[in-house]
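# Chain and residue survey
Now for the letters of each chain:
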Amino acid sequence: MIIESRSMDSAEEEESLLGQESEDENSELSDDALQEAFAKGLLKPGMNVLVNKPKQFVNNVEGLKQCLAGFRKDLPWVERLDMTNLPAEDVIAKAEGKAPSVKPGDVKAEDDFHREMFFYRQAQATVLDALPLLSKHGIATKRPDDYFAEMAKSDQQMQKIRKKLISKTLMLEKSEKAKKIRDQRKFGKKVQVEVIQKRQKEKKAMMTAVKKYQKGMTDKLDFLDGDQKKGKDSSQGPNKAAANKTAAKKGPNSKRKYKDNRFGFGGKKSGKKWNTKESHNDVSSFRARVANAKGSKGGKKAGNQNKRPGKSVRKKIKSRS
């Protein structure tokens, strides 16, 4: 029985496959026939072409009103807190005599500033009308001084945010420091380049002056004293010149005055010890004995007493002792 059922199933599958092939052939023939009919002009519009019909919009006003009546509930205003207001008048513009406040129909939806200003005026009018109603119904509109509200975020989350903010500030400070260091390096490098260029320029000028001197084009050697003159000029700046002027006006200090009184002022002396022709030829004060150390006997004895004995005498003295 099982074998027979399987054979029946296979036969049905073959028939279905053959039927599909025949349908494909018919469809191909039908396509060819349609092409021939289209070429002869036998096809009418709308038979084989999809035409988009206009969409019909249903405006069921009664149904919408029924839905709205189902939503609406007769609740007091305190439960609803709804307000519908026109924008408030611009008091400043009115006082200055400018254009009147914008009406709802005059709002330019594409102009962002115009639109947001209209919203602002409308909210202002709503607040002015709502505050008296809230106070009338006994609803507080201000938070008390001792009001304690639980934070939406936990302390741990706030600590994380604080750490993140501190790290950001540190990173900004580090970046600013690095930027300053880079700027300083750039400035130092620029100064160094300028100094090197100045030295090269001076060296070039010096070499040209030396070459001119060697060729005999000039006989001046002022270029050799250029550095010394520059050093003197730089050392004697305007500040030092002003200081020297003030010192000259004040005169010498107390230390200088003391040394001048004690040791003299220096410079040219009276010239008492200078030799002249008369002093050179005058030999009246000459004493031969004094000049040749031939003075009195006492002088000789004193000289003999201070004279050291010879080497042989010293040896004899040592051998005796």
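Report on the accompanying structure. Computed from a predicted structure; not experimentally measured.

About the criteria used
One numbering rule holds for all chains: residues counted from 1, following each sequence as written. The model is predicted, so local features are restricted to residues of pLDDT at least 70 and side-chain atom pairs to those at 80 or more, both for listing and for counting; the totals for chains, interfaces and linings are taken over all residues. Each side-chain value is derived from all of the structure's non-hydrogen atoms; neither hydrogens nor water enter the calculation. Here a helix means four or more residues in a row that DSSP labels H or I, a strand means two or more in a row labelled E, and each is numbered from the N terminus. With residues, only the protein chains shown are counted as cover, and all accessible areas are computed by Shrake-Rupley using a 1.4 Å probe. Helix span is expected to be 1.5 Å times the residue number reduced by one. Note on classification: 1.4 Å probe, protein chains only; a residue is buried when its accessible area is under 20% of the maximum for its type, exposed when over 50%, partly exposed between these limits. Contact criterion: two residues are considered in contact whenever any of their non-hydrogen atoms come within 4.5 Å of each other. Within 3.5 Å is the distance limit for a polar contact, defined as a pair of N or O atoms, with the added protein rule that one can donate a hydrogen and the other accept it, and that residues adjacent in sequence qualify only through two side-chain atoms. By convention in these notes, a salt bridge is any Lys or Arg side-chain nitrogen within 4 Å of a carboxyl oxygen on Asp or Glu.

This paragraph deals with the overall build of the chain. A tally of regular secondary structure across the chain gives 13 helices and zero strands. Taken from N to C terminus, the helices and strands of the chain fall in the order α-α-α-α-α-α-α-α-α-α-α-α-α. Carbon and sulfur atoms make up 55% of the accessible area of the chain, which amounts to about 31,800 Å² in all.

Attention now moves to helix H5 (residues 112–136). The periodicity of an α-helix, 3.6 residues per turn, causes residues three or four positions apart to be oriented the same way. When the terminal C-alpha atoms of H5 are compared, their 36 Å separation across 25 residues agrees well with the 36 Å that a helix rising 1.5 Å per residue should span. All of the buried residues in H5 are Phe 118, Arg 121, Ala 125, Ala 130 and Leu 134. The inward-facing, buried residues of H5 abut helix H3 (77–80). For H5, the N-terminal capping position is held by Asp 111, with its side-chain oxygen 3.4 Å away from the main-chain nitrogen of Phe 113. Remark: Gly 138 follows H5 within two positions and exhibits a positive phi of approximately 75°.

Along the polypeptide, Arg 121 turns up in helix H5. Those residues in contact with Arg 121 that sit more than four places away from it in its chain are Pro 87, Ala 88 and Asp 90.

In a structure, side chains of opposite charge can pair up when their charged atoms sit close to one another. In total, this model carries three salt bridges according to the counting rule given. Salt-bridge contacts for Asp 82 lead to Arg 80; the nearest nitrogen and oxygen are separated by 2.7 Å. On the basis of relative accessibility, which here comes to 40%, the residue Asp 82 falls in the partly exposed class.

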